[in-house]
Amino acid sequence: PRDKTQLNSKGTNDFCVKNIKQAEFGRREIEIAEQDMSALISLRKRAQGEKPLAGAKIIGCTHITAQTAVLIETLEALGAQCRWTACNIYSTQNEVAAALSEIGVAVFAWKGESEDDFWWCINKCINMEGWQPNMILDDGGDLTHWVYKKYPNVFKKIRGIVEESVTGVHRLYQLSKAGKLCVPAMNVNDSVTKQKFDNLYCCRESILDGLKRTTDVMFGGKQVVVCGYGEVGKGCTAALKAMGSIVYVTEIDPICALQACMDGFRLVKLNEVIRQVDIIITCTGNKNVVTRDQLDRMKNGSIVCNMGHSNTEIDVASLRTPELTWERVRSQVDHVIWPDGKRVILLAEGRLLNLSCSTVPTFVLSITATTQALALIELYNAPEGRYKQDVYLLPKKMDEYVASLHLPTFDAHLTELSDEQAKYLGLNKNGPFKPNYYRYKCPC
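Residues numbered from 1 in each chain as written. Predicted model: local features only at pLDDT ≥ 70, side-chain atom pairs only at ≥ 80, totals over all residues. Heavy atoms only, no water.

*Asks:* What am I meant to see in the overall build of the protein chain here?
*Replies:* Counting its regular elements, the protein chain contains 16 helices and 15 strands. Taken over the C-alpha trace, the protein chain has a radius of gyration of 22 Å; the compact-globule value for 444 residues is 22 Å, and the two agree within 12%. Principal-axis analysis of the C-alpha atoms gives the protein chain an extent of 65 × 65 × 45 Å. In the protein chain, buried positions account for 54% of the 444 residues. Sequence separation of at least 24 residues holds for 70% of the intrachain contacts in the protein chain that already meet a minimum separation of 6. Accessible area of the protein chain: about 20,200 Å², with a carbon and sulfur share of 51%. Across the protein chain, the centroid of the 53 positively charged side chains sits 2 Å from that of the 51 negatively charged ones. (Helix = DSSP H or I, 4+ residues; strand = E, 2+ residues; numbered from the N terminus. Rg over C-alpha atoms; globule rule 2.2 N^0.38 Å. Buried < 20%, exposed > 50% of the residue type's maximum accessible area, 1.4 Å probe, protein only. Contact = heavy atoms within 4.5 Å. Areas by Shrake-Rupley, 256 points an atom, 1.4 Å probe, with all protein chains shown as cover. Lys, Arg positive; Asp, Glu negative; His and termini not counted. Charge placed at Lys NZ, Arg CZ, Asp CG, Glu CD.)

*Asks:* So what exactly am I meant to see when it comes to the domain arrangement of the protein chain here?
*Replies:* By a widespread convention, an interface's size corresponds to the accessible area lost as its parts come together. Entries for the protein chain in the domain assignment read domain 1 (20-190 + 360-402) and domain 2 (201-357). With centres defined by C-alpha atoms, the gap from domain 1 to domain 2 works out at 29 Å. Between domain 1 and domain 2, the residue contacts involve 16 residues of the former and 15 residues of the latter. Taken over both partners, the interface formed by domain 1 and domain 2 buries close to 1,300 Å², and the fraction arising from carbon and sulfur atoms is 60%. Contact with domain 2 buries surface across domain 1, with Tyr 90, Thr 167 and Val 360 losing the most and accounting together for 40% of the total. Summed over the shared surface of domain 1 and domain 2, the number is one salt bridge. Linking domain 1 with domain 2 are three residue pairs in polar contact (both at pLDDT 80 or more). Looking at the side of domain 1 that touches domain 2, its residues break down into six nonpolar, seven polar and three charged. (Domains from an automatic or database assignment. Buried area = accessible area lost by both parts, 1.4 Å probe. Salt bridge = Lys/Arg side-chain N within 4 Å of Asp/Glu carboxyl O. Polar contact = N/O pair within 3.5 Å; in protein donor to acceptor, adjacent residues only side chain to side chain. Nonpolar A, V, L, I, M, F, W, Y, C, P; charged D, E, K, R; others polar.)

*Asks:* What is the right way to read unusual backbone geometry from this model?
*Replies:* Negative phi is the rule for most residues except glycine; trans is the rule for most peptide bonds. Along the chain, Gly 431 connects to Pro 432 via a cis peptide bond; the corresponding omega equals 0°. Of note in this structure, Asp 216 is not a glycine but carries a positive phi near 60°. Of note, the phi angle at Gln 332 is positive, near 70°, even though the residue is not glycine. Here Gln 332 lies in the loop between β12 (325-330) and β13 (333-337). Looking at Gln 332, the relative accessible area reads 6%, which means it is buried.

*Asks:* Can you walk me through the packing of helix α2 (residues 38-47) against helix α15 (residues 396-406) in this structure?
*Replies:* Packed helices, taken two at a time, are described by the angle their axes make and the gap between the axes. Contact geometry for α2 and α15: axes closest at 8 Å, N-to-C directions at 110°. Our classification of the angle between α2 and α15 gives roughly perpendicular. Residues Ala 39, Ser 42, Leu 43 and Arg 46 of α2 form the contact with α15, whose own contacting residues are Tyr 401, Leu 405 and His 406. (Axes fitted to C-alpha atoms, helices over the stretch in contact; angles between N-to-C directions. Parallel < 35°, antiparallel > 145°, perpendicular 65-115°, else oblique.)

*Asks:* Teacher, can you tell me more about the UniProt feature "binding site: NAD(+)" (unreviewed entry) in the protein chain here?
*Replies:* UniProt annotation of "binding site: NAD(+)" (unreviewed entry) refers to Gly 230, Glu 231, Val 232, Gly 233, Lys 234, Gly 235, Glu 251 and Asn 354 when read in the numbering used here. Considering the arrangement of structural elements, one finds Glu 231 in helix α9 (residues 231-242). Apart from residues lying up to four places away in sequence, Glu 231 is in contact with Gln 195, Lys 196, Asn 199 and Leu 200. Reaching out from Glu 231, the side chain makes a polar contact with the side chain of Lys 196 at a distance of 3.1 Å. Locating Glu 251 in the fold gives a position in the loop between β8 (246-250) and α10 (254-262). Once you skip the residues sitting within four places of it in the chain, Glu 251 turns out to touch Gly 228, Tyr 229, Gly 230, Cys 256, Ala 257 and Leu 267. (UniProt positions renumbered as here; feature names shortened; annotations may be inferred.)

*Asks:* In this structure, what is going on with the sheet that holds strand β3 (residues 106-108)? I would like to understand it.
*Replies:* Paired through their backbone hydrogen bonds, the strands of a sheet run either parallel or antiparallel. The sheet built from seven strands is open, its strands ordered β3-β2-β1-β4-β5-β6-β15 with parallel pairing. The open sheet is flanked by β3 and β15 (391-393), the only strands paired with a single partner. Strand-to-strand twist across the sheet, computed as the mean angle between neighbouring axes with direction ignored, equals 20°. Taken together, the three bridges between strand β6 (residues 185-187) and β15 define a ladder with parallel strand orientation. Its bridge partner being in β15, Met 186 is matched across the sheet by Tyr 392. Helix α6 (residues 142-150) rests against β1 (57-62), β4 (135-138) and β5 (160-163) of the sheet, and its axis sits at about 135° to β4. Each of β5, β6 and β15 touches helix α7 (residues 166-177); the most contacted strand, β5, lies at about 140° to it. (Pairing = 2+ DSSP bridges.)

*Asks:* Please clarify how the environment of Val 105 should be interpreted in this entry.
*Replies:* For Val 105, the location among the structural elements is in the loop between α4 (94-102) and β3. The exposure class of Val 105 is buried, given its relative accessible area of 1%.

*Asks:* How should the packing of helix α8 (residues 192-215) against α9 be read in this particular structure?
*Replies:* For the pair α8 and α9, the least separation of the axes is 7 Å and the interaxial angle reads 35°. As α8 packs across α9, the resulting crossing turns out to be right-handed. Residues Gln 195, Lys 196, Asn 199, Leu 200, Cys 203, Arg 204, Ile 207 and Leu 208 of α8 touch α9, and the partners they reach there are Glu 231, Val 232, Lys 234, Gly 235, Cys 236, Ala 238, Ala 239 and Leu 240. In terms of residue class, the contact of α8 with α9 is made up of nine nonpolar, three polar and four charged. (Left-handed = near helix turned anticlockwise from the far one by under 90°.)

*Asks:* Could you clarify how one ought to interpret the UniProt feature "binding site: substrate" (unreviewed entry) in the protein chain in this entry?
*Replies:* This chain's UniProt record puts "binding site: substrate" (unreviewed entry) on Thr 65, Asp 139, Glu 164, Lys 194 and Asp 198. Structurally, the position occupied by Asp 139 is in the loop between β4 and α6. In contact with Asp 139, not counting residues within four places along its chain, are Cys 61, Thr 62, His 63, Cys 87, Glu 163, Glu 164, Ser 165 and His 309. The class of Lys 194 is buried, set by a relative accessible area of 5%. Beyond its immediate stretch of four places on either side in the chain, Lys 194 contacts Glu 164, Val 188, Asn 189, Asn 199 and Thr 368. Of the polar contacts made by the side chain of Lys 194, one reaches the backbone oxygen of Glu 164; its length is 3.3 Å.

Listed below in structure tokens is the structure:
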């Protein structure tokens, strides 16, 4: 795509996608997604007249899917101008990228980018003559990192960063601790409506979808180790347990480890089970969780995949050596073959399995997208001094508002406190109903 010039029907070429002629197909995908994102559409309709993002110039780096397109079009309906690129080289839906480019959104992304393409697209997203971004929406921190590295002066106009991944949030806290964070940032990942729904319920359904589409594996009786028992790990283990798999968990945090034990999973070190397990799933946000030494000891036919954001959890680079043979057997499915004939099945080259190899539930993404939109509105419109150069959580009242927007889908009816009950509890009848330190229980 970088080598060819394409024009949309308006005659503009400020985009770089696989094939602009796929726009009509992508538009149908977006319309399908809208059907299960009624809360985000409701927010769009409620705020469209006020234009709370008028004047906002947002650069975004997320997965580019039909669901993301609904978010982008909502931001534009609320007054924003957007330029977008992908946070993952495999997750872009080419037809959706084309549909967004057709209506004038500057999109730089296609499925199957090289590493060089990835950074080129990010650079094109930021660097446009006469156009200065003032908001960042990031997923993984790569866009924020590139602005710091190449365009630090851009931060003079940036009002805030909204970040939705564990990896990206970790980077922001590192910047804050070092005194290098120069704008306010909103940690969407740890908002209740992101963490307890997207991280948990989305992964509970999409882990099975991704594994089944790529390998046709039978889950019953398989020995599976899930590395990490945060919300993503909890979702994955619950799904696999329900399918009859024998599930082990690895953890560094004694609290998460105790939760795993109380939920009926055996807590192990990876080296204790590496020779016997059929599937390894990483979801820690860390690096080198599965090393070359451990991959060498896995049995023939084992499956290795990642459900964390970054491609650093499995030491894939160590497998690119002359003595090992790589055989592409399906899209995003590689057999890595050892000299003795042993094969290990590597999915998506160690990148995020569900968005690289399958799809994710639209309704859950509606919850996340609505949370992101409200975070952008909050940071963009906040009076000077409300937010300093630090990392913040979404206000509890907004979390509750996001949840309330999604309840009508289930024909759900909230009970209302009486004046006497509200006074007894010391609450406002309209919320917030829980203090910021409250931990919503995981149902797994």
